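Analysis of the macromolecular model
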Amino acid sequence: MSTRRLGLAFFYHESHSFSPLRTNLDAFRQEALLSGEDLIEAYRGTKTELGGFLDALEETEFVPVPLVAAAASPAGQVTTRAYEQIRGDMLTALGGAGELDGLLLALHGAMVVDDYQDPETDLIEHIRRERGPAFPIAVTLDLHANVTRGLIDQRTSCFGFQTYPHVDAYEQGVRAATALIRQVRDGITYYQCFAKLPALLPSVNMRTAEGPMHEAVTAAQDWEKRDGIVAASVFGGYPYADIAGAGASVVVLATDRALGEESCRGLASLLWSLRGEFVTELPGAAAAVALAVKPERLRPVVLADIADNPLSGGSADTTALVAEVLNAHVPKSLIGALCDAEVVAQCRAAGEGATIGIRLGGKISPEFGPPLDLAVDIIRVSDGRFRNTGPMNTGLQVDVEGAVHLRAQGTDILVTGRPITANDPELFGHIGLDVTGYDLLVMKVKNHFRAAFEPLVGDIIYVDAPGVASNDFSTFPFRNLPAGLWPFDLSATFTPDVRVAVIPGALAADRIPQ
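I will try to describe carefully the structure that is included in this document.

Now for the sheet that holds strand β19 (residues 411–416). The sheet built from eight strands is open, its strands ordered β14-β15-β18-β19-β13-β20-β12-β21 with mixed pairing. Pairing within the sheet leaves two strands with one partner each, and these edge strands are β14 (355–360) and β21 (460–463). On average, adjacent strands in this sheet sit at an angle of 30 degrees to one another, irrespective of strand direction. Strand direction decides the pairing type here: β14 and strand β15 (residues 372–382), joined by six bridges, are antiparallel. Its bridge partner being in β15, Gly357 is matched across the sheet by Ala375. The sheet contacts of helix α12 (residues 341–350) involve β13 (333–339), β14, β15, β18 (403–408) and β19, and relative to β14 the element is tilted by about 170 degrees.

As structure tokens, this is what we get:
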């Protein structure tokens, strides 16, 4: 069995066009900026796309060749300097990798760069200039990807997450690697079918356990049971990216072109018919607190501050909901995690057991609530490092750049040095907090946290407190969205126009149509 070599790379960001937090090189260094063997060391054994890539290549003739991994927490648009630097590093690594039979690339699909509206397509265009138009590439994409025609035209095999919370990143990594192996080893030709919907869908009601996205994803999985369909991906899109390519889409990878087109057309029509079910009205801060304290609620009650969720681009430092909870003096309450690096540093200097005055939050996004002047007891201080134990990105090392457990007015508060969505119980557990011991949890989250926390909590109340990730699209000054986009245009109509990209097997690369 001859040895073959596949490159592995990762470039991941979900960019909020209206967030005050710019995403620069330091933001990638905080999350992940790795190359070579460091990439394998960080991701082997994790339930991530790269973990899936690596496991799928085990016991095959394909050897992984690690290139570059770059990821930053969702926030504002990526700076041009950061994007071009990482792109350059990836191309340099690719150029120095020697002979490769293909590339496995983990992308998000909703990155926006200051000077590039569609950077994922731009990245692959540059890779193809380096390696040629026939170079086999398979990519994984987030369920919230804003898939564009440009990306499809690059003839990359696409595999989208089918769960939200995203607990199938590993499985999609395995599927992408398996498909690329078949393309390279067996000369399999794929037909990638694509339909773009004129719809900007709210993500609050996009969970795949129930509701409209559950119906759409279930239909996609039913299509995948048919011979000739390799992968059927329904993308809800990321609505906070102000780009011409924003919005929902469907991508089907098939070995049977006619069946691929039929399934893509059917899934796109289904998703369009469900668009109204994604819209939901949410209470504001005061109304949500009043709902949470009702005696019939199952505890601990979660108030999910979706408008300040870091994984939607929130700063994790808005104070409107926090102030309402503190003013209500709800017993056995835990708030977290708020981001305030200044407070973390202040508490580290004072030490555990001290009582100090702080100004908490409201520093990054003061328009959504001013800093809160509080006297706090410092219960515990941590370096903010832990490893995920829940079902999402299991085993991945996390560093929130310091964490402190504070108590103010009888309420416990977790503060971190950088924005972090509470998706894993170890965020609290690593500093000695047990969420099951509280009656009320106030969390900067949306849907991902459910994967780990749903078995631990009672009622969950979504709150649209002021924040940059509000559920109300009318609050955003969009400039680049295409005309006729639902729900801005309620009279919008849709007839699926399926575009097909032919992805020839490596043994038939000379048949690539021009």
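The structure having been displayed, the exposition proceeds.
The subject of this paragraph is the packing of helix α8 (residues 211–224) against helix α9 (residues 257–273). Each pair of packed helices can be summarised by the angle the axes make with each other and by the distance between the axes. Running from N to C, α8 and α9 cross one another at 170 degrees; their axes reach a closest spacing of 10 Å. What the angle tells us is that α8 and α9 run roughly antiparallel. Helix-helix and strand crossings are classified by hand; for α8 and α9 the assignment is right-handed. Where α8 abuts α9, its residues Glu215, Ala216, Ala219, Ala220 and Trp223 lie against Leu259, Glu262, Ser263, Leu267, Leu270 and Leu271. Grouping the amino acids of the contact of α8 with α9 by side-chain chemistry returns eight nonpolar, one polar and two charged.

A few words now on the side chain of Ser15. Take Ser15: it is sitting in strand β2 (residues 15–16). Within polar-contact distance, the side chain of Ser15 engages the backbone nitrogen of Val112 at 2.9 Å. Sequence-distant contacts of Ser15, that is, excluding residues within four places in its chain, are made with Ala75, Gly76, Gln77, Val78, Ala110, Met111, Val112, Tyr238, Tyr240 and Ala241.

Bringing the pattern of salt bridges into the picture now. In this structure the tally under the stated criterion is 23 salt bridges. With a shortest N-O distance of 2.9 Å, Glu58 and Arg44 are connected by a salt bridge. Of this pair, Glu58 sits in the loop between α3 (49–57) and β4 (62–71) while Arg44 sits in the loop between α2 (37–43) and α3; the two residues are 14 residues apart in sequence, bridging distant segments of the chain. Asp373 is the salt-bridge partner of Arg359, the closest N and O atoms lying 2.8 Å from each other. Taken as a pair, Arg359 in strand β14 and Asp373 in strand β15 lie far apart in primary sequence, 14 residues in all. Within the structure, one salt-bridge network assembled from shared partners comprises Glu61, Arg185 and Asp186.

What follows deals with helix α7 (residues 169–186). Taking 1.5 Å of rise per residue, 18 residues should cover 26 Å, and α7 covers 25 Å from first to last C-alpha, within 8% of that figure. The complete set of buried residues in α7 reads Ala169, Tyr170, Gln172, Gly173, Ala176, Ala177, Ala179, Leu180, Ile181, Gln183 and Val184. Directly after α7, the chain includes Gly187, whose backbone phi takes a positive value near 70 degrees.

Attention shifts here to the environment of Thr178. Among the secondary structure elements, Thr178 is positioned in helix α7. Residue class for Thr178 comes out partly exposed when judged on its relative accessible area of 40%.

Between α3 and α7, the least distance of the axes is 7 Å, while the angle of their chain directions is 45 degrees. In terms of orientation, α3 and α7 fall into the oblique class. Judged by the twist between their axes, the crossing of α3 over α7 is right-handed. Contacts from Glu49, Gly51, Gly52, Phe53, Asp55, Ala56 and Leu57 of α3 reach α7 at Ala169, Tyr170, Gly173, Val174, Ala176, Ala177 and Ile181.

Right, let's get into the sheet that holds strand β6 (residues 102–107). Picture the strands of a sheet paired through backbone hydrogen bonds; they go either parallel or antiparallel. Read across the sheet, six strands follow the order β3-β4-β1-β6-β7-β8 without closing on themselves; strand pairing throughout is mixed. With partners counted over all chains shown, the strands left at the sheet margins are β3 (32–35) and β8 (157–160), one partner each. On average, each strand axis in the sheet is tilted by 20 degrees relative to the strand beside it, whichever way the strands run. Judged from the six bridges that link them, strand β1 (residues 4–12) and β6 form a sheet pairing that is parallel. Counted as the bridge partner of Phe10 is Ala106 from β6. Here α3 sits on the sheet and contacts β1, β4, β6 and β7 (137–141); the angle it forms with β1, its principal contact strand, is near 170 degrees.

With 68 residues, the main nonpolar core has Leu104, Val252 and Leu271 as its most contacted residues. Setting aside chain neighbours within four positions, we find Val252 in contact with Tyr191, Gln192, Cys193, Ile229, Ala231, Ala232, Gly260, Ser263, Cys264 and Leu267. Counting residues in each nonpolar core, the second largest holds 41 residues, with Leu100, Val113, Tyr116 and Ile137 among its members.

For the rest of this paragraph, the subject is the pairing of β7. Counting buried residues in β7 gives five out of five residues, a clear majority hidden from the surface. Alternating positions in β7 separate into two faces, Ile137, Val139 and Leu141 on one and Ala138 and Thr140 on the other, with burial throughout. Two elements, β6 and β7, share four bridges in a ladder whose sense is parallel. Residue Leu105 lies in a different strand from β7, and its bridge partner there is Val139. Each parallel crossover has a hand, and the one from β6 via helix α5 (residues 119–131) to β7 is right-handed.

Thresholds, definitions, all that
- Residues numbered from 1 in each chain as written.
- Predicted model: local features only at pLDDT ≥ 70, side-chain atom pairs only at ≥ 80, totals over all residues.
- Heavy atoms only, no water.
- Pairing = 2+ DSSP bridges.
- Helix = DSSP H or I, 4+ residues; strand = E, 2+ residues; numbered from the N terminus.
- Axes fitted to C-alpha atoms, helices over the stretch in contact; angles between N-to-C directions.
- Contact = heavy atoms within 4.5 Å.
- Parallel < 35°, antiparallel > 145°, perpendicular 65-115°, else oblique.
- Left-handed = near helix turned anticlockwise from the far one by under 90°.
- Nonpolar A, V, L, I, M, F, W, Y, C, P; charged D, E, K, R; others polar.
- Polar contact = N/O pair within 3.5 Å; in protein donor to acceptor, adjacent residues only side chain to side chain.
- Salt bridge = Lys/Arg side-chain N within 4 Å of Asp/Glu carboxyl O.
- Expected span 1.5 Å × (residues − 1).
- Buried < 20%, exposed > 50% of the residue type's maximum accessible area, 1.4 Å probe, protein only.
- Core = buried A, V, L, I, M, F, W, Y, C linked by side-chain atoms within 4.5 Å.
- Right-handed = clockwise from strand over helix to strand, strands pointing away.

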